[in-house]
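# Observations on the model geometry
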Amino acid sequence: MSISDYDTKKLRLTREFATLQSSIAIGLNKNTSNLFRDRKKATQKLHVRDFDKVISTDKKANTITVEGMTTFESLTDAALAQGMVPLVVPELKTITIGGAVSGVAIESSSFKYGLVHESIVSMEVLTGTGKVLVATPDGPHKDLFYGMPNSYGTLGYILKLTIKARPAAPFVRLQHIKFTDSAKYFKALERVCDKQIYGGQTVQFVDGTIFSTTEMYITLGFDVSEAPYTSDYTYKQAYYTSIQSRDEDYLTMYDYIWRWDTDWFWCSKNVMADKGIVRRLLGKKRLGSKTYSKIMQFEARHGWYESLGRLLGHNEKREYVIQDIEVPISKATEFLEEFDENVGIRPIWVCPTRAVNGMWHYPLYPMNADMLYVNFGFWDSVAAHGDPDDGYYNRYVEDLVTKLGGAKSLYSVSYYPKKQFQQRYNYTQYTKLKKIYDPTSRFSDLYEKCVVRSSSRNR
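The sections below set out a description of the structure shown in this document. (Residues numbered from 1 in each chain as written. Predicted model: local features only at pLDDT ≥ 70, side-chain atom pairs only at ≥ 80, totals over all residues. Heavy atoms only, no water.)

## Notes on the nonpolar core
- The biggest cluster of nonpolar side chains holds 87 residues, and the ones touching the most others in it are Phe72, Ile97, Met123, Leu161 and Phe421.
- Excluding residues within four positions of it along the chain, Ile97 makes contact with Val66, Glu67, Gly68, Thr70, Phe72, Leu75, Val116, Ile120, Leu161 and Ile163.
- Among the nonpolar cores identified, the runner-up in size contains 38 residues, and Cys193, Ile210, Met216 and Ala332 belong to it. (Core = buried A, V, L, I, M, F, W, Y, C linked by side-chain atoms within 4.5 Å. Buried < 20%, exposed > 50% of the residue type's maximum accessible area, 1.4 Å probe, protein only. Contact = heavy atoms within 4.5 Å.)

Here's what the structure looks like:
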């Protein structure tokens, strides 16, 4: 794709924006979403579906220029074809690069490179003024550059980005290390993330899987040029089941990047796709986040799975707890123990991350540059404590994370009281940015978009 094609689409979009009513909030007409919250729907939408192309790759500079609605599947395909890989590739193929920046995205290279937005060189943003502005770390709109992460499209929509990449090895060697004590587990995790060396080799990837408080694994990934074999977790066997059964493994770089996508970590069980017969009925091509996200979004709208359960005599009400949170590693053991006792979802994904550039400050999602954080991901339902719409367990998680000095991603449901939300997500700075880049509120307010729901109650 040429830059002139992008410019043509950009001109069309700005003209479309000018025709929309100023009194009605604007949303996006797009192909994919990985948000799991009930939101008030925008009645007028911008057509951004076609902003989904890779514009260019620069192997010498190790950068890729890409449109904002491009999925990481398309982006990674283009990068690997040139012998590169983006510094951080979120685990699901359907996540878009613009969504990963305006939200918060992480993966097993984040202990080394930070969150996705820390690998951005520049971006072009359609703001609420109708202007497309170039935002860079040291340019005239640097406040927008730093303010976009965790803004979820409430300051503007990212149309184009240039991101950093690195040379890609053909294979990844995995080492799964088992622990039975949570304190020792997190100490070992901190040590390997600080040294970035294990067994005399450079570690490129670090994440973990907690099956219980006495069965925990750290998985290390090493770039290698040769492999004695490669495993395949794209059909018959789920990747996460291999962690408990083998100490070492080899995957192609492509299969490592998407190791979690086939079973959406382990959430395939929620649509019974962990069963052999269902996997065979779906077939290899339909296993993965593209299918599961459509099923789960359909369920969120229509409640078919819950209705089926009632027909089968399962009348127990359940609350979905689909969250990613981060706490300082010094609080990780405390979080795990309290969460396990009071919520009890298993397995749990663990992913370490840090702010890699102490000079860069992202006001809506601040992180201490001197601190290692641990992301805990847990995605399941639990027997409801009262009315599921009241979000008893989700509220518990929010309160626990706040107590431990952590933060919660906003892609899923939130129950924060407005004042607490504004304190936690720096509304002082957010309001300043809103006045500059969306002075007439063409886009939703962050609290409205991420907390206020079209159904259910808030504190």
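More follows now that the structure is in view.
## With respect to the sheet that holds strand β17 (residues 372-383)
- Read across the open sheet, the eight strands follow the order β14-β9-β13-β12-β16-β17-β15-β18; overall the sheet is antiparallel. With partners counted over all chains shown, the strands left at the sheet margins are β14 (248-252) and β18 (407-408), one partner each.
- As defined by bridge partners, strand β9 (residues 171-179) adjoins strand β13 (residues 215-224) across nine bridges and the pair is classed as antiparallel. Note on β13: the bridge partner recorded for Leu174 is Gly221.
- Across the sheet, helix α12 (residues 332-342) lies against β12 (205-212), β13, β15 (318-328), β16 (348-354) and β17, angled at about 5° from β17, the strand it touches most. (Pairing = 2+ DSSP bridges. Helix = DSSP H or I, 4+ residues; strand = E, 2+ residues; numbered from the N terminus. Axes fitted to C-alpha atoms, helices over the stretch in contact; angles between N-to-C directions.)

## Considerations on helix α15 (residues 427-437)
- When α15 is considered as a whole, its buried residues turn out to be Tyr427, Tyr430, Leu433, Lys434 and Tyr437. End-on, the buried residues of α15 take up no more than an arc of 120°, which puts them together on one face. Opposite its buried face, α15 presents the exposed residues Thr428 and Lys435, each directed more than 90 degrees away. (Arc of directions from axis to C-beta.)

## Side note on the packing of aromatic side chains
- As enumerated under the stated definition, the model contains 31 aromatic pairs in all.
- Between the aromatic rings of Tyr6 and Phe51, the centroid separation amounts to 6.1 Å while the plane-to-plane angle is 85°, which identifies the pairing as edge-to-face. Within this pair, whereas Tyr6 is found in helix α1 (residues 3-19), its partner Phe51 is found in the loop between β2 (44-47) and β3 (54-58), the two being separated by 45 residues in sequence.
- On the basis of relative accessible area, Tyr6 is assigned to the buried category, the value being 0%.
- Here the aromatic rings of Phe145 and Tyr146 are separated by 5.2 Å at their centres, their planes lie at 90°, and the arrangement is edge-to-face.
- You can call Tyr146 buried: its relative accessible area is 14%.
- In textbook terms, an aromatic cluster arises when at least three aromatic residues are bridged by ring pairs, as seen for Tyr233, Tyr239, Tyr240, Trp260, Phe265, Trp266, Trp349 and Trp379.
- The ring of Phe51 has Lys9 lying over it, and the distance from NZ or CZ to the ring centre is 5.5 Å.
- One cation-aromatic arrangement involves Arg424 over Tyr425; the distance from NZ or CZ to the ring centre is 5.4 Å. (Phe/Tyr/Trp six-rings, centres within 6.5 Å; stacked < 30°, edge-to-face > 60°. Lys NZ or Arg CZ within 6 Å of the ring centre and 35° of its normal.)

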